[in-house]
Amino acid sequence: MQGNQKAFGELLSRYHSTAYAVVRGVLGDSDDVEDVVQLVYVKIYKGLASFRGDARLSTWIYRIARNESINAVKKRRLDTTPVEDVVLAAPSAAGPEAGLAQRELSEQVETALERLDEGQRMAIELRYMGERSYEEIAETMGIPLGTVKTYIHRGKAQLKKVLESAALKDR
Amino acid sequence: MNCQQIETLLAAFVAGDLVQAEASQVRSHVVTCDGCRESLAAYEKLEATLSMRQSFVPPVDRFIPNIASGVTQTVANGVVAYARARKWLDRLVSMPALVTTGFMMSGLATYFYRDKIAEAIGRDVSISTSLTQSLESIMATWTNTMSDIWILGGVCAGISIVVLLSTGVATARLLRH
């Protein structure tokens, strides 16, 4: 068990940010994220022996993480505030406390991310939180490379629009 | 390229995904256009904020020690699921046992008190004469075979105790769940 765990630890460290990004992509900034990630790892640990290699390991992990996250949403009935009702925090006026402003912007981005389509959100999370290349994202999500780029660029355009409209509302 | 076309390229420009020719067009446009320069600054700010998201990922070491306990937990969940299944099985078994015992008791009571019941409701409550006769003949055979009436009484008391005990156990099970 000890040896298995060590080898498994090495495997996980390679895919940890991917799995975490996928769970965050579905659940958003929820308290349940770490519990679900833990569940995903238990499932991977148990299923690794029966993994036949039909799909790439990253795709297999992506599917497990996505399915577990969706199950968590169904089971726990997470906060499903309709995106129309999401109120973005007001951006702070430019001031000396740049760190605070950056944190506020970060929170706004977090909320704005929840407004994106799942594909766009997932691709962006894998790109920035998971630090994956476009090719790796395409392989993991099982979609063409061009679609990944479209998801990310359109997603960012959408994020910018949401942030701008929030800033306008506040004026 | 006009501002609208440049706007569609800005996200890819900031990410460094444009081919050189397109990137040059964007660069030369934003130098002369305040609106697009502002938009580019917003994209750069967004890019910087998104790039910080990798710091939100907790270290993997936090999850590794819990894998074994997670597997154990899964086994424990299996045991709990089995116990739940057993509980429902118990209920399924207990319920007919109770109902059957209830019917048997009321049947016996009706048989032994048939005269009083008949008197109370004003008509005969025997199921059929032949069945009553059969039961009476069985009783008579028993009484004849067993010389001592106390043996027959003991057997009847034993049966009653068994019936009462099983009813009690079934009831206790139902109440416990």
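These lines cover the structure that appears in this document, whether it is placed above or below. Remember, it's a predicted structure, so these values are computed and weren't measured experimentally. (Residues numbered from 1 in each chain as written. Chains lettered and ligands numbered in written order. Predicted model: local features only at pLDDT ≥ 70, side-chain atom pairs only at ≥ 80, totals over all residues. Heavy atoms only, no water.)

### Concerning the overall build of chain B
Piece 1. The number of helices and strands found in chain B is seven helices and zero strands.
Piece 2. Going from the N terminus to the C terminus, chain B shows its helices and strands as α-α-α-α-α-α-α.
Piece 3. Taking all 177 residues of chain B together, 23% fall into the buried category.
Piece 4. On chain B, roughly 12000 Å² of surface is accessible, and the fraction owed to carbon and sulfur atoms is 65%. (Helix = DSSP H or I, 4+ residues; strand = E, 2+ residues; numbered from the N terminus. Buried < 20%, exposed > 50% of the residue type's maximum accessible area, 1.4 Å probe, protein only. Areas by Shrake-Rupley, 256 points an atom, 1.4 Å probe, with all protein chains shown as cover.)

### Some points on the environment of Met141 of chain A
Piece 1. One can find Met141 of chain A in helix H6 (residues 134-141).
Piece 2. Leave out the neighbours within four places in its chain, and Met141 of chain A touches Tyr62, Gly119, Met122, Ala123, Leu126 and Tyr151 of chain A. (Contact = heavy atoms within 4.5 Å.)

### What to know about the interface of chain B and chain A
Much of the literature gives interface size as the accessible area that the parts lose upon coming together.
Piece 1. Facing the 32 residues of chain B at the interface are 36 residues of chain A.
Piece 2. The salt bridge involving Glu34 of chain A is made with Arg62 of chain B; its shortest N-O contact spans 2.7 Å.
Piece 3. The tally of links from chain B across to chain A stands at 11 residue pairs in polar contact (both at pLDDT 80 or more).
Piece 4. A per-element tally of the side of chain B that touches chain A places helix H3 (residues 34-51) of chain B first, with nine residues.
Piece 5. Along the lines of polarity and charge, the residues of the side of chain B that touches chain A split into 19 nonpolar, seven polar and six charged. (Salt bridge = Lys/Arg side-chain N within 4 Å of Asp/Glu carboxyl O. Polar contact = N/O pair within 3.5 Å; in protein donor to acceptor, adjacent residues only side chain to side chain. Nonpolar A, V, L, I, M, F, W, Y, C, P; charged D, E, K, R; others polar.)

### So, the packing of helix H1 (residues 3-14) of chain B against H3 of chain B
To characterise two packed helices, one gives the angle between the axes of the helices and the distance between these axes.
Residue and element names in this part refer to chain B.
Piece 1. The interhelical angle for the contact between H1 and H3, taken along N-to-C directions, is 25 degrees, at an axis separation of 10 Å. Between H1 and H3, the interaxial angle falls into the category roughly parallel. In the crossing of H1 with H3, the sense of the turn from one axis to the other is right-handed. Of the residues in H3, those in contact with Cys3, Ile6, Glu7, Leu10, Ala11, Phe13 and Val14 of H1 are Cys36, Ser39, Leu40, Tyr43, Glu44 and Glu47. (Axes fitted to C-alpha atoms, helices over the stretch in contact; angles between N-to-C directions. Parallel < 35°, antiparallel > 145°, perpendicular 65-115°, else oblique. Left-handed = near helix turned anticlockwise from the far one by under 90°.)

### A short note on the nonpolar core
Piece 1. In this structure, Val23, Val40, Tyr41, Ile44, Ile124 and Leu159 of chain A are the most contacted members of the largest nonpolar core, which totals 51 residues.
Piece 2. Going through the elements one at a time, helix H1 (2-27), helix H2 (33-47), helix H3 (57-76), helix H4 (98-113), helix H5 (118-129), H6 and helix H7 (145-170) of chain A together with H3 of chain B are the ones with two or more residues in this core.
Piece 3. A total of 11 residues in this core trace back to one element, the largest contributor, which is H1 of chain A.
Piece 4. Composition of this core by domain shows at least three residues from each of domain 1 (1-83) and domain 2 (97-164) of chain A. (Core = buried A, V, L, I, M, F, W, Y, C linked by side-chain atoms within 4.5 Å. Domains from an automatic or database assignment.)

### What to know about the packing of aromatic side chains
Piece 1. Counted by the stated rule, this structure contains one aromatic pair over all chains.
Piece 2. Summarising the aromatic geometry, the rings of Tyr41 of chain A and Phe63 of chain B are spaced 5.6 Å apart at their centres and angled 85 degrees between planes, so their arrangement reads as edge-to-face. Linking Tyr41 of chain A in helix H2 with Phe63 of chain B in the loop between H3 and helix H4 (65-112), this pair reaches from one chain into another.
Piece 3. Cation over ring: Arg127 of chain A sits above Tyr134 of chain A, and NZ or CZ is 4.3 Å from the ring centre. (Phe/Tyr/Trp six-rings, centres within 6.5 Å; stacked < 30°, edge-to-face > 60°. Lys NZ or Arg CZ within 6 Å of the ring centre and 35° of its normal.)

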